[in-house]
Every structure is written in C-alpha cells, then in structure tokens.
Amino acid sequence: MQKVTLKKAVFPVAGLGTRFLPATKASPKEMLPVVDKPLIQYAVEEAYSAGIRHMIFVTGRNKRAIEDHFDTAYELESELEKAEKHALLSVLRSVQPDDMHCAFVRQPRSLGLGHAVLCAEHLIGNEPFAVLLADDLMMGPVGGLSVLAQMAAQFEQVQQSIVAVQEVPAAHTRRYGIVAVDAATDAYPALMKVQKIVEKPAPDVAPSRMGVAGRYILTPAIFEHIRNQSSGVGGEIQLTDGIAGLMRQENVYAFQYQGKRYDCGSKEGFLEATVELALQHPEIGDHFRAYLKSIKLD
Ligand code: G1P
C-alpha cells in the first residue's frame, strides 16, 4: 500500500460564539486571545507542527478578522521596519510562515459541524485531512509532540481515520461525541477500533465515558457519508453521524492523546487555559506566578 501523508487541515470557524457574548458580538470567538495569541493561531500552529501546510478555514459572516490575521499586515510591518522593531516584526511574520497556504470558504448557513466540513470538500479532493476545532485548545506534553502531530504519526502507520479521545466525567457525556471501542491490538498498540460513536448522548445511554476531543484525521470517504445523512442532534448535520456511516465502510480508530485539552468554548475552560499558559509564558510566567501566589483566595 502506498502511504499517504497528511497535507491539509480544515478549521470550522463559522460558529456564532453565543457562549461568549457580548465579547463575540462583533468579533469572532476564534480571535479571543489566550495570553497573546488568538485561539485560532494555536490550532493553526498545531496543524503546522504536524507537517500540514494547507490550512482551510470554513468561515461565516463576521469572520473577516480571521482572514486578516493570516494575511500580511503591510502598514504595521512597514511601521515596525521603520522603527527597527525587529523582534516584533518576526512575531508578526511568524503567524504566516512562507510555506503555509491559507484558503477560505464560506459556510452560508449554520447547518452543523458535518456540513461545515462538507463545505471544504472541493478544496480537499481525494486525500486524507485533519479537522481542528479551535475551541478545543490542545497542549501536548512539555517538550513532546503536539496532539495533532501525535495523531499524524499514528496515521502514517494505519492510513485510516482517527479521532482524538479523552475520558470525560459521566455527567458530561451530553457535551461530546462518545465512542465505544475495542481493545488496542499488537499491530497498532496506541489505537482502539471504534465500535460505535454517538453524538451527545445522555449519561444513562452513553456507550462509554470516552469523549471525542476536537481533533480528527479523516479519509475522503467521509464526504459521501456526510452528504447522505439527515440532520441529527440539535437539527444539525453532525460530523459524528458521518463518522458512524464511515465506520460501515472503513475502520475508524480512537486515539488517547498525551497532553491536555482546554475547553475554550466555555468561560471556565478559557480562564483555565489563560492561567496555565500565562504561567508557562517565557516573558510573563515568573511575574504571573508571583502575582497568583500573592492573592488571597477564600
Ligand atoms: C463538537 C462535536 C463533538 C465533539 C466536540 C469536541 O461538539 O460535535 O462530537 O465531542 O465538538 O469539542 P461542539 O462542542 O461543537 O458542540
């Protein structure tokens, strides 16, 4: 079998961000900064670290700022050049490395995550691709591979679809796609074949407590299954249901990644990410640690 390498990633960024109103009234939720980088940049950097160079954003109304963020900021660059602020210039340019290509496609109506992925089909064609949900900020282990890079390494071996999973509290199954899996085999010790996948089940009917985090590597066969599927939970075309269809045709694997997921779609998760990433930040980490120690909490 000729091995295929992952080259493209899809970022569904058309969501309304209602959980962060009023902050997201006029600006995209994916542009909310955690310390000094917007959420979407963390996701794009993660894809880049996995060797991906083609970034496809599925956007909607009010998402111009995302396109601008990954474009050249001429005025800003020439001002910084004039002022000889080289360090800032390189921070700015690092957002958009020369070998990275961005494409933007609109999702005209909010019909769900599955539908958003389908909007990118013509830019993906017949090859495997990653899907990254920027709301889920994923940090790989310190000094180790990013979560998507871990998944890409698995994909190199298995050449079939992989979803990232983590154990979630029983009371939270309604927030996730939930999978039931077979035990890993010697052939692929880090991968568990998915037996069943259900979108946001109630705790009493959930097939397990293994929840899907917002990272997927999918084969192009997924498109047909999304297209043929009627709306699911919440009246939306769900990616989870497309994956359930794909499993009738091909193996789909679950991968328990190393690292930590912050649910930046919620205020609590967003604040947790902010505090933890600020503590690790080379410029402000020490100061922030001292500050946190100095405040009285009770
Ligand atoms: C989406 C998916 C869900 C997955 C989750 C991870 O849900 O539909 O299967 O577990 O992302 O964050 P959302 O959070 O968009 O409601």
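Values in this document were obtained by computation on a predicted structure and should not be read as measured data.

A. How the structure looks around the layout of surface pockets. If you add up the space inside the largest pocket, you get close to 1,100 Å³. Breaking the lining of the largest pocket down by element, the ones donating at least two residues are α5 (113-119), β11 (210-218), α9 (239-246) and β13 (260-263). When residues of the lining of the largest pocket are assigned to their parent elements, the largest contribution, four residues, is made by β11. The space that makes up the second largest pocket amounts to roughly 550 Å³. Surrounding the second largest pocket, 24 residues form its lining, K37, Y42, E45, M139 and L277 being those nearest its centre.

B. Layout of the site of the ligand. The ligand sits among 13 residues. The nearest are D136, G177, E199, K200 and V212. One of the side-chain N or O atoms of D136 is found 2.7 Å from an oxygen atom in the ligand. Here V212 contributes a backbone N or O atom positioned 2.6 Å from an oxygen atom of the ligand. Relative to its unbound accessible surface of 380 Å², the ligand loses 77% to contact with the protein. When residues in the shell around the ligand are grouped by element, the largest group, three residues, is from β11. For the shell around the ligand, a count of residues per class yields five nonpolar, four polar and four charged.

C. Looking closely at the packing of helix α3 (residues 74-82) against helix α4 (residues 86-94). Contact geometry for α3 and α4: axes closest at 9 Å, N-to-C directions at 155°. Our classification of the angle between α3 and α4 gives roughly antiparallel. Judged by the sense of rotation from one axis to the other, the crossing of α3 with α4 is left-handed. Here α3 contributes L76, E77, L80 and E81 to the contact with α4, which in turn contributes L88, L89, L92 and R93. In terms of residue class, the contact of α3 with α4 is made up of five nonpolar, no polar and three charged.

D. Highlighting the pattern of salt bridges. All chains considered together, the criterion is met by 17 salt bridges. Residue K37 is joined to E45 by a salt bridge in which the shortest nitrogen-to-oxygen separation is 2.7 Å. The class of K37 is partly exposed, set by a relative accessible area of 22%. Across the pair E77 and R93 runs a salt bridge whose closest N-O atoms are separated by 3.1 Å. In this pair, E77 sits in helix α3 while R93 sits in helix α4, placing the two residues 16 residues apart along the sequence. Relative accessible area serves as the criterion here: at 12%, E77 is assigned to the buried category. Overall, R93 belongs to the partly exposed group, its relative accessible area being 39%.

E. A look at the nonpolar core. With 35 residues, the main nonpolar core has F11, I40, M55, F57 and L148 as its most contacted residues. At the level of secondary structure, the elements contributing two or more residues to this core comprise β1 (8-12), α1 (39-49), β4 (54-59), β6 (129-132), α7 (147-158), β8 (161-167), β11 and β12 (252-256). Here this core takes seven residues from α7, the largest share from any one element. Among all residues touching F11, those that are not within four sequence positions of it are I40, A43, V44, A47, M55, I56, F57, V58 and L132. In terms of nonpolar packing, the next biggest core, distinct from the first, is built from 33 residues, M192, L239, I243 and L246 among them.

The rules behind these values
Residues numbered from 1 in each chain as written. Predicted model: local features only at pLDDT ≥ 70, side-chain atom pairs only at ≥ 80, totals over all residues. Heavy atoms only, no water. 1 Å grid on protein atoms, 1.4 Å probe; cavity = no way out; pocket = protein on both sides within 12 Å on 5 of 7 lines; lining within 4 Å. Points joined across faces, edges and corners; volume = space filled by probe spheres on them. Helix = DSSP H or I, 4+ residues; strand = E, 2+ residues; numbered from the N terminus. Near = heavy atom within 4 Å. Polar contact = N/O pair within 3.5 Å; in protein donor to acceptor, adjacent residues only side chain to side chain. Areas by Shrake-Rupley, 256 points an atom, 1.4 Å probe, with all protein chains shown as cover. Nonpolar A, V, L, I, M, F, W, Y, C, P; charged D, E, K, R; others polar. Axes fitted to C-alpha atoms, helices over the stretch in contact; angles between N-to-C directions. Parallel < 35°, antiparallel > 145°, perpendicular 65-115°, else oblique. Left-handed = near helix turned anticlockwise from the far one by under 90°. Contact = heavy atoms within 4.5 Å. Salt bridge = Lys/Arg side-chain N within 4 Å of Asp/Glu carboxyl O. Buried < 20%, exposed > 50% of the residue type's maximum accessible area, 1.4 Å probe, protein only. Core = buried A, V, L, I, M, F, W, Y, C linked by side-chain atoms within 4.5 Å.

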